[in-house]
Amino acid sequence: MPKRAIVIEDNELVAATLKTMLEFFNFEVVVFENGPKAIEEFISQMKLNTSFDIVFVDLVLPGMSGKEVMQKLKEINPEIKAIVSSGYSNDPSIAMYENAGFKGMLNKPYTLQELEDVLKQLSLI
């Protein structure tokens, strides 16, 4: 059974690239451009007992920030494996990502190798 991932990213090119990279590692990927829709899907999949193995959250999103999305997801599932992804490497949420509940971080732009390292760190590949 393939691993499942949610990508929450408002930049279509970045989202499509990450989706392709994750599919390379045999992940089934769902992409959302904002937090509320992703949270809704996360909840509905949990109710169906088909939860996601990992969530990638862009830090800067329209409306609800990536940090706010993460807070909601952690309320729903405290064991969530989530990676913060951002081009703003000096943001405190990136520098101290564990404090915001993230299990890892990727600074944009990142490579397939960097993604692989994070997935291995979380025992997902």
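All values reported here derive from a predicted model rather than from experimental measurement.

Give a description of the nonpolar core that names residues and reports values.
Grouped together as the largest cluster of nonpolar side chains are 21 residues, with contacts concentrated most on Ile6, Ile8, Val55, Leu73 and Phe102. Elements that contribute at least two residues to this core include exactly β1 (3-8), α2 (35-47), β3 (54-58), α3 (66-76) and β4 (82-86). Ignoring anything within four residues of it in the chain, the contact list for leucine 73 reads Ile8, Ile39, Phe42, Val55 and Ile80. In terms of nonpolar packing, the next biggest core, distinct from the first, is built from 18 residues, Phe25, Leu119, Leu122 and Leu124 among them.

Could you give an account of the packing of aromatic side chains, with specific residues and numbers?
Counting across every chain of the model gives two aromatic pairs. Note on phenylalanine 42 and phenylalanine 52: the rings are 6.4 Å apart at their centroids and 20° apart in plane angle, and the pair reads as stacked. A residue pair is termed long-range when its members are at least 10 positions apart, and phenylalanine 42 in helix α2 and phenylalanine 52 in the loop between α2 and β3 qualify at 10 residues. In this pair, the class of phenylalanine 42 matches that of phenylalanine 52, namely buried.

A description of the pattern of salt bridges should follow, citing residues and the corresponding values.
For the structure shown, the criterion picks out five salt bridges. A salt bridge links glutamate 9 to lysine 108; the nearest nitrogen and oxygen atoms lie 2.7 Å apart. Highlighted residues: glutamate 9 in the loop between β1 and α1 (12-24) and lysine 108 in the loop between β5 (104-107) and α5 (112-121), separated in sequence by 99 residues. Accessibility expressed as a relative area gives 5% for glutamate 9, which makes it buried. The network of salt bridges with shared partners includes Glu9, Asp58 and Lys108.

Explain the pairing of β3 to me, using residue names and the numbers behind them.
Taking burial as the measure, the five residues of β3 include five buried ones, the bulk of the element. Side chains Ile54, Phe56 and Asp58 project from β3 onto one buried face, and the interleaved Val55 and Val57 project onto a second face that is buried too. With four bridges joining them, β1 and β3 adopt parallel strand pairing. Across the sheet, the residue bridging to alanine 5 is isoleucine 54, located in β3. Note: β3 against β4, four bridges, orientation parallel. The residue bridging aspartate 58 from the neighbouring strand is serine 85, located in β4.

I'd like a description of the side chain of arginine 4, backed by residues and values.
One can find arginine 4 in strand β1. For arginine 4, a relative accessible area of 10% corresponds to the buried category. Setting aside anything within four residues of it in sequence, one finds arginine 4 in contact with Phe27, Glu28, Gln45, Thr50, Ser51, Phe52, Asp53 and Ile54.

Describe α3, with residues and values.
By the burial criterion, the buried members of α3 are Gly66, Val69, Met70 and Leu73. Take α3 and look down its axis: the buried residues cluster within an arc of 100°, on one side only. Of the surrounding elements, those touching the buried residues of α3 are β1, α2, β3 and β4.

An account of α1 is requested, with residue identities and associated values reported.
With 13 residues, α1 extends 18 Å between its outermost C-alpha atoms, agreeing within 8% with the 18 Å of an ideal straight helix rising 1.5 Å per residue. What α1 keeps buried is the set Ala15, Leu18, Met21 and Leu22. The buried residues of α1 occupy an angular sector of 130° when the element is viewed end-on, so they sit on one face. Among the exposed residues of α1, those oriented more than 90 degrees off its buried face are Glu12, Leu13 and Phe24. In the core, the buried residues of α1 are packed alongside β1, β2 (27-32), β3 and α5. A side-chain oxygen of the first residue of α1 lies 2.9 Å from the backbone nitrogen of leucine 13; this N-cap is asparagine 11.

Criteria and cut-off values
- Residues numbered from 1 in each chain as written.
- Predicted model: local features only at pLDDT ≥ 70, side-chain atom pairs only at ≥ 80, totals over all residues.
- Heavy atoms only, no water.
- Core = buried A, V, L, I, M, F, W, Y, C linked by side-chain atoms within 4.5 Å.
- Buried < 20%, exposed > 50% of the residue type's maximum accessible area, 1.4 Å probe, protein only.
- Helix = DSSP H or I, 4+ residues; strand = E, 2+ residues; numbered from the N terminus.
- Contact = heavy atoms within 4.5 Å.
- Phe/Tyr/Trp six-rings, centres within 6.5 Å; stacked < 30°, edge-to-face > 60°.
- Salt bridge = Lys/Arg side-chain N within 4 Å of Asp/Glu carboxyl O.
- Pairing = 2+ DSSP bridges.
- Arc of directions from axis to C-beta.
- Expected span 1.5 Å × (residues − 1).
- Polar contact = N/O pair within 3.5 Å; in protein donor to acceptor, adjacent residues only side chain to side chain.

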